[in-house]
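Notes for the structure review
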Amino acid sequence: MGWYNKRLAKSLWVFHISGSPCNNCDIEILDLITPKYDVERLGIKLVGSIRHADVLLVTGVFNEKVAPKIKKIYEQAPKPIFVVAIGSCPSSGTVFKNSYNIVENRESVIPIDMYIPGCPPKPEAMIEGVAKLMEKLNG
Ligand code: SF4
């Protein structure tokens, strides 16, 4: 698996899904592919299908309605897939905490490998988080 991880560390393909966010985190993710941040120069590419992805970015809290859909998307991903939770919603629930339809334990839906907190986190924080993931994969 070491060689596989090293290959991944050179080029991570990323698929992005929203739990039930306020959408600010999603807008910050889109910033990553603008010329200002241009993450493709680092080998990080947003892809349109989970079947092509190495990393799954999730934003927002998981509510009862979206949790089964998130689980289904995760199950369709080729393994290993690394799950990175963007924003404070997945870790703490932020303003949605204790809402009537929120799944409090996000990791009961899918395993989460890394949290990048912030409300929303800046693109620089996301790039740093993904760079740390690449570093970890490189061993
Ligand atoms: S972490 Fe903040 S900015 Fe991101 S989806 Fe949640 S409330 Fe919105």
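None of these values were measured; they are calculated from a predicted model.

This part takes up helix 3 (residues 67-76). Taken together, the buried positions of helix 3 are occupied by Ala67, Ile70 and Tyr74. The buried residues of helix 3 occupy an angular sector of 65° when the element is viewed end-on, so they sit on one face. Away from its buried face by more than 90 degrees, helix 3 exposes Pro68, Lys69, Lys72 and Glu75. Next to the buried residues of helix 3 lie strand 1 (12-18), strand 3 (55-59) and strand 4 (82-86).

Turning our attention to unusual backbone geometry. A cis amide bond links Lys79 to the next residue, Pro80, at an omega of 5°. By the secondary structure assignment, Pro80 is in the loop between helix 3 and strand 4. Cis geometry marks the peptide bond from Cys119 to Pro120, where omega comes out at -5°. A positive phi angle, close to 40°, is found at Thr94, a residue other than glycine. Within the element layout of this structure, Thr94 appears in the loop between helix 4 (88-92) and strand 5 (114-116). We classify Thr94 as partly exposed; its relative accessible area is 26%.

What counts and how
- Residues numbered from 1 in each chain as written.
- Predicted model: local features only at pLDDT ≥ 70, side-chain atom pairs only at ≥ 80, totals over all residues.
- Heavy atoms only, no water.
- Buried < 20%, exposed > 50% of the residue type's maximum accessible area, 1.4 Å probe, protein only.
- Helix = DSSP H or I, 4+ residues; strand = E, 2+ residues; numbered from the N terminus.
- Arc of directions from axis to C-beta.
- Contact = heavy atoms within 4.5 Å.

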